[in-house]
Each structure stands twice: as C-alpha cells, then as structure tokens.
Amino acid sequence: MTIELQILGSALRAVAEEMGAVLVRSAFSANIKERRDCSTALFAADGRMVAQAEHIPVHLGAMPEAVAAVRERGPEPGEVFVVNDPFTGGTHLPDVTLVSRTDVGFAVSRAHYADVGGAEPASLPAGSTDLYQEGLIVPPVRLTDEVLTILLANMRNPDERRGDLRAQLAAHRLAERRLAELCERRGRDQVVAAMDELYAYSERRVRTAISALPDGRYEASDSLEAPEGELVVRAAVTISGDEIAIDFAGTAAQHPGNLNCPLAVTRSAAYFVVRCLTDPDVPASGGAFAPVSVTAPEGSLVNAKTPAAVVAGNVETSSRIADVLFRAFGQAIPVPAQGQGTMNNLTFGNARFTYYETIAGGQGACPNADGPSAVHVAMSNTLNTPVEALELSYPLRVERYALRLGSGGPGRFWGGDGVIREITALEPCRVSIVSERRARGPAGTRGGGPGSPGRNVVDGDEVPAKVTRALDAGESVTIETPGGGGFGAAA
C-alpha cells in the first residue's frame, strides 16, 4: 500500500468518522446524542463497504444488505433512501437507515430511534409475536416530503423523530461535500483506487491472521431464555487456511416470540467475533469479512423469515451468537470468559415521551487479567445515558446507579462486576424490559466460576427477563445486570 493510498484511506475513514460526529452532535434524542446508538459508513459504487466509523458492531453485517436493496432501485445523485425493514437490510425496526449517492459510491447512516410506532411506546414490546406489532415497517423508499410526513404520523413524539432524521440528513450532506472535495484535490480515479485498495488491504490482513489459527472444526452451543423455554443456538466454526466458515445448523427453529433475527444480524455477530480474534485494529471495511462465510437454516432462530418478530433478536440473540462463537473459537485459541451476554434493554414511554437505554454489565475475565466492570460489551458498544441528561429530558428520576459488587465470577482472574440501576417514573407510563442471563449467569472458562445472573425488579416485585407493564407515578424499576465469568481455577 503506497503512502498516497494510505493518505487517501485515512481521508475516507475520516469522512465516515465526521459523519458520525455530525449525527451525534445534531441529534435530538438522548439515545443518539448521549448513548451514540448509531453508525456511519462509506460504500463503493458496486456496494462494497470501504470505511465504517467505530460505532456499533451489530450494524457491521447488515449495512451492505441495505445498500444492495437501495442499488436495485436505481438511486440518482442527491437522492436519499430510507429503510428499516429487517428483511431488506435492516436489523430491527427502531434502527432507521439512510442511504444516499455520492460522487464515488454511497454514504450510509443508521440510528436507533426512541420510537417508530407499534404496540408499545419506544417500540420494544417484550411480548411481540410478529413484526407488525413492533412498529412502522419501511422498505427501501426515496425520502420525499410526503414519505417523511407518513413516517412522522406513525411515530410517537414526532418532533424528536424529525430532529433525529434531520441530523442523519446533515451527516449525509457532509459526506457528499467531503467526498467531492477529496475528488477535486486528488482526482476521482485516485479516490476510487483508494477505495479498492482499502478493501483489499483489510482482506489481506485478516486472511494473514486467520492463517495463523489452527485448522479444524470447532463446535459450541448456548441457549436463550424464551417464555416457552430455552432456545438453543448452535454453531460450528471451520478454519481452513485463510478462510473461516460458520454454520448454525442445529439451532432452534424460528419461534413465536421476538428473539428471532434476520441473517444479516447473524452475520454481524459472526464478523464481530472474527475481527476481535484475528486483527482487531484492521480498518473496518467489508474486505475484513470477505474470508468469512456464514450459513444458517432458513426459518431458524438466526435466519428468520418475514414477518417474524425480531426486536429482541437484534439485541439479545446477537449477543448470544457472539457468546457461542467465542466459545467455539476457545477450543482453538485462548479467549476471555463470557461477558454479561445481554444488553439489558429498558424503555419507558407514554403519549408524551419515549426513552430507551441499554445498561452495562460485567465483562468476562481474560487469560491474564480481571474482566472490566460496568461496561457495554460485545454487540452493544454504546455509552450510558448520564443521570443529568436523563432527568433533564424525561419525567424519570435515577434513584441509584452503582456497581453490583461481587457479581463477577471467581477464578484466577475474576470477572467484572455488573451494575445496579434504579429509575422512578414521575408520571404514569409503560415500561418494557428485554434482557437475558436471568436464569443462569455467564459461564467461566478453564475452571473459573460463573458470574451472577441478572435480576429485574418492578415496584418491589421480581419480574421475568422479558416483561411489559404499566407504571404509576412514583413506581420504580431496578435492573441488576450480570457479572462476567471468571478465568482459571482460583488459587
């Protein structure tokens, strides 16, 4: 890779990062401007991802499918398309994606909206059984004034939604300007060549790292906590030379609830694990995932068919897929013990406001160090909502926010501790909790003990891992998140 191409590659990555900065700084909702639940990326004209800002892992594998769906509709320069359909390149309905044409390809942004309609405020119903209950479904369509009117008419708190959408549009206009400036300075042909080389460079680095792994077939499984019982996620990882094949044959069938996920989300989780274990510092482009193939039976939990409910699949099943794959790779190379394995999704809302957050927990211990406490790990990678920002914007009061001391699993190296977060509603509203690792804590590795399972309490009563119910003013919700597993037998 020549010095000039390195400079151009850095410039392309800088554009993707600046898109993210504009989106975060311009957004209205706390979930985007405080928690940074969003991603931005640049794509070549043929639909290959060439640069993604370091944002949300679960968006890694799904963005290319959104671009492919838009390309089929013949977008023109200056046009912006909007999509959130999980079965045409989305993840779950609250993740709204914009795709626009640039001089050399496409700019893409994805942001989690605090509401997109549906049966419950904040569009995260714990008991949804089909996609229609989870919110407004938007196939790839040109974003016109008429389409915007329809979108906002079907979302709660439309002024906040409009503000977030305008923030995304501002990020796209910036990308168009920056890429035009880059083409003017360096020449369009050179910029296109840099895109190709950036993609190829990431692929070469990952293939080299895969070649250092021991060849073989490694299998693992784990389960999810569904109301009807445990759902098994099973995977086989085959390492052969400089390629990895991941197959989810044997995974549970698509179920009536919302833990299903489209194949794009399954790919995202797989790509995340491979990147962690091969070359974590490789530039985030589609080339890094070219050596990885992912297959799953159609109609299974990890390759659901429309109109399956998927709102929890994107957040909880993706986390379990990552756990299973780390466990499989752990038969070949050292990997950390299991982290909390859940995002601890929590929403509040009524006709006036909607609020969504995920809550940190303990990460698993490493082969040579204790696990970190109170972090958003694996597929989340978001921040917490600061107490001051939450209380300033919403009729909610944070009563307690603390480490859950002693929740990390014991071992030669201890797992990280989870957290305790207690929030009181100041006016009547609805609350939804979508979580995992409540029945069984994250597993330890090589003799290490498990982390403590999580716990959900509403108005003094312990409730299941997934619940939606009404809250009166003055009632509180307490989430105790899991600790990470320990590594190695304790001395």
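Check the entry above for the structure.
(A) Representation of the packing of helix 5 (residues 158–186) against helix 6 (residues 188–211). Running from N to C, helix 5 and helix 6 point in directions that differ by 115°, and their axes come no closer than 6 Å. In this view, helix 5 runs roughly perpendicular relative to helix 6, as classed from their interaxial angle. In this structure, helix 5 uses Leu-182, Cys-183 and Arg-186 to contact helix 6, whose residues at the interface are Arg-188, Gln-190 and Val-191. A class-by-class count of the residues in the contact of helix 5 with helix 6 yields 3 nonpolar, 1 polar and 2 charged.

(B) How the structure looks around helix 8 (residues 313–329). Given a rise of 1.5 Å per residue, 17 residues ought to cover 24 Å, and the 22 Å separating the end C-alpha atoms of helix 8 matches this to within 8%. Most of helix 8 sits out of view: 16 of its 17 residues are buried.

(C) Quick peek at the pairing of strand 4 (residues 95–101). Judged by how many residues are buried, strand 4 sits mostly within the fold: 6 of 7 residues are covered. Note that strand 3 (residues 80–83) and strand 4 share 4 bridges and pair antiparallel. When the sheet's bridge partners are listed, Val-82 is paired in strand 4 with Leu-98. Alignment of strand 4 against strand 5 (residues 105–112), held across 7 bridges, turns out to be antiparallel. The residue of strand 5 that forms the bridge with Ser-100 is Ala-107. Between strand 4 and strand 5, which follow one another and run antiparallel, lie 3 residues.

(D) Spatial organisation of the packing of aromatic side chains. Per the counting criterion, the structure on display carries 4 aromatic pairs. Between Phe-353 and Tyr-394 the ring centres are 6.2 Å apart and the planes differ by 50°, which places this aromatic pair in the tilted class. Remark: Tyr-394 occurs in the loop between helix 9 (387–393) and strand 13 (396–404) and Phe-353 occurs in the loop between strand 11 (345–349) and strand 12 (354–357); sequence separation between them is 41 residues. Classification of Phe-353 as buried rests on a relative accessible area of 4%. For Tyr-394, a relative accessible area of 7% translates into the label buried.

(E) Region of the structure containing the pattern of salt bridges. Counted according to the given criterion, the structure contains 30 salt bridges. Between Asp-159 and Arg-162 there is a salt bridge, and its shortest N-O distance comes to 3.1 Å. With Asp-159 and Arg-162 both in helix 5 and 3 residues apart, the pair spans about one turn of that helix. Salt bridges sharing partners connect three or more residues here, namely Asp-222, Arg-320, Asp-323, Glu-436, Arg-437 and Lys-466.

(F) Spotlight on the sheet that holds strand 12. If you trace the 4 strands from one edge of the open sheet to the other, you get 12-11-15-18, paired in antiparallel fashion. Each of the sheet's edge strands pairs with one partner strand only, and the pair in question is strand 12 and strand 18 (466–471). The average undirected angle you get between the axes of adjacent strands in this sheet is 10°. By the bridge criterion, 6 bridges tie strand 15 (residues 429–434) to strand 18 in an arrangement that is antiparallel. Residue pairing for strand 18: Cys-429 is matched across the bridge by Leu-471.

(G) Representation of the nonpolar core in the model. Core analysis: the largest hydrophobic core is formed by 65 residues, its most contacted members being Ile-244, Ile-246, Phe-248, Leu-325 and Phe-329. In terms of residue count, the dominant contributor to this core is helix 7 (residues 263–277) (9 residues). Among all residues touching Ile-244, those that are not within four sequence positions of it are Ile-210, Leu-213, Val-237, Thr-238, Ile-239, Val-274, Pro-291, Val-292, Ser-293 and Phe-329. Within the second largest apolar cluster, 46 residues are counted, among which are Ala-51, Leu-131, Val-138 and Val-147.

(H) Examining helix 4 (residues 145–153) more closely. Of all the residues in helix 4, the buried ones are Val-147, Leu-151 and Leu-152. All buried residues of helix 4 project into a common sector of 130° when viewed along the axis, lining one side. Pointing more than 90 degrees away from the buried face of helix 4 are the exposed residues Asp-145, Glu-146, Thr-149, Ile-150 and Ala-153.

(I) Focus on the sheet that holds strand 17 (residues 461–463). With respect to topology, 5 strands assemble into an open sheet ordered 13-14-19-16-17, the strand pairing being antiparallel. Strand pairing shows two members of the sheet lacking a second neighbour, strand 13 and strand 17, which therefore form its edges. Direction aside, the axes of adjacent strands within the sheet are offset by 20° on average. Here strand 13 pairs with strand 14 (residues 418–425) via 8 bridges, running antiparallel. Across the sheet, the residue bridging to Tyr-401 is Arg-421, located in strand 14.

Conventions adopted
Residues numbered from 1 in each chain as written. Predicted model: local features only at pLDDT ≥ 70, side-chain atom pairs only at ≥ 80, totals over all residues. Heavy atoms only, no water. Axes fitted to C-alpha atoms, helices over the stretch in contact; angles between N-to-C directions. Helix = DSSP H or I, 4+ residues; strand = E, 2+ residues; numbered from the N terminus. Parallel < 35°, antiparallel > 145°, perpendicular 65-115°, else oblique. Contact = heavy atoms within 4.5 Å. Nonpolar A, V, L, I, M, F, W, Y, C, P; charged D, E, K, R; others polar. Expected span 1.5 Å × (residues − 1). Buried < 20%, exposed > 50% of the residue type's maximum accessible area, 1.4 Å probe, protein only. Pairing = 2+ DSSP bridges. Phe/Tyr/Trp six-rings, centres within 6.5 Å; stacked < 30°, edge-to-face > 60°. Salt bridge = Lys/Arg side-chain N within 4 Å of Asp/Glu carboxyl O. Core = buried A, V, L, I, M, F, W, Y, C linked by side-chain atoms within 4.5 Å. Arc of directions from axis to C-beta.

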